[in-house]
Amino acid sequence: MHEPSTGQKAAAVVLLLLADLFVVGCLLWGYLWTGWGDGWNEGHPPEAPRLAREFMWYLAGSAVVTAGALIAFGRGAYAAVQLVVLGGGAALFAALATRTH
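Caption draft 1: View of the packing of aromatic side chains. Following the criterion strictly, the structure yields 6 aromatic pairs and no others. Centroid distance phenylalanine 55 to tyrosine 58: 6.2 Å. Interplanar angle 40°. Geometry classified as tilted. Of the two residues, phenylalanine 55 and tyrosine 58 are both situated in helix H2 (residues 48-72); the distance of 3 residues between them amounts to about one turn of the helix. Of the residues examined, tyrosine 58 reaches a relative accessible area of 46% and is grouped as partly exposed. Here phenylalanine 55 and phenylalanine 93 contribute two aromatic rings whose centre-to-centre distance is 5.5 Å and whose plane-to-plane angle is 80°, an arrangement assigned as edge-to-face. Here the residue phenylalanine 55 occupies a position in helix H2, and phenylalanine 93 occupies one in helix H3 (residues 76-98), the gap between them amounting to 38 residues. The pair phenylalanine 55 / phenylalanine 93 is uniform in exposure class, with both members buried.

This is the structure:
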């Protein structure tokens, strides 16, 4: 079995980064729509903080599972991308979950 070239490794890291950013962006879009809807739903508790906590756990779990699998396969650079992007997304949603308006 041959080792992938540097270009192939860089392409894989970029594709992982784009996929991760897409996932975080979609979740953020859903959070923003929910927050917008909360503004129209006065008299009821807001749903956006609950959704942010849920998304935080999705991203944190995804970061751990995917990075752990990549480390097990000897792909440390790929694992670092997963931890930084998905872990950063989890931190973003943790901050949004505790935000008060």
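There is more to say after this.
Caption draft 2: Quick look at the packing of helix H1 (residues 6-40) against H3. Their axes nearest at 9 Å, the elements H1 and H3 cross at an angle of 15°. Of the possible angle classes, the one that applies to H1 and H3 is roughly parallel. Of the two elements, H1 crosses H3, and the hand of that crossing is right-handed. Here H1 contributes Lys9, Ala12, Val13, Leu16, Leu17, Asp20, Leu21, Val24, Leu27, Leu28 and Tyr31 to the contact with H3, which in turn contributes Tyr78, Val81, Gln82, Val85, Leu86, Gly89, Leu92, Phe93 and Leu96. A breakdown of the residues in the contact of H1 with H3 according to their chemical character gives 16 nonpolar, 2 polar and 2 charged.

Cut-offs used in this document
Residues numbered from 1 in each chain as written. Predicted model: local features only at pLDDT ≥ 70, side-chain atom pairs only at ≥ 80, totals over all residues. Heavy atoms only, no water. Phe/Tyr/Trp six-rings, centres within 6.5 Å; stacked < 30°, edge-to-face > 60°. Helix = DSSP H or I, 4+ residues; strand = E, 2+ residues; numbered from the N terminus. Buried < 20%, exposed > 50% of the residue type's maximum accessible area, 1.4 Å probe, protein only. Axes fitted to C-alpha atoms, helices over the stretch in contact; angles between N-to-C directions. Parallel < 35°, antiparallel > 145°, perpendicular 65-115°, else oblique. Left-handed = near helix turned anticlockwise from the far one by under 90°. Contact = heavy atoms within 4.5 Å. Nonpolar A, V, L, I, M, F, W, Y, C, P; charged D, E, K, R; others polar.

Everything listed here is a matter of coordinates, which is why it stays silent on function.
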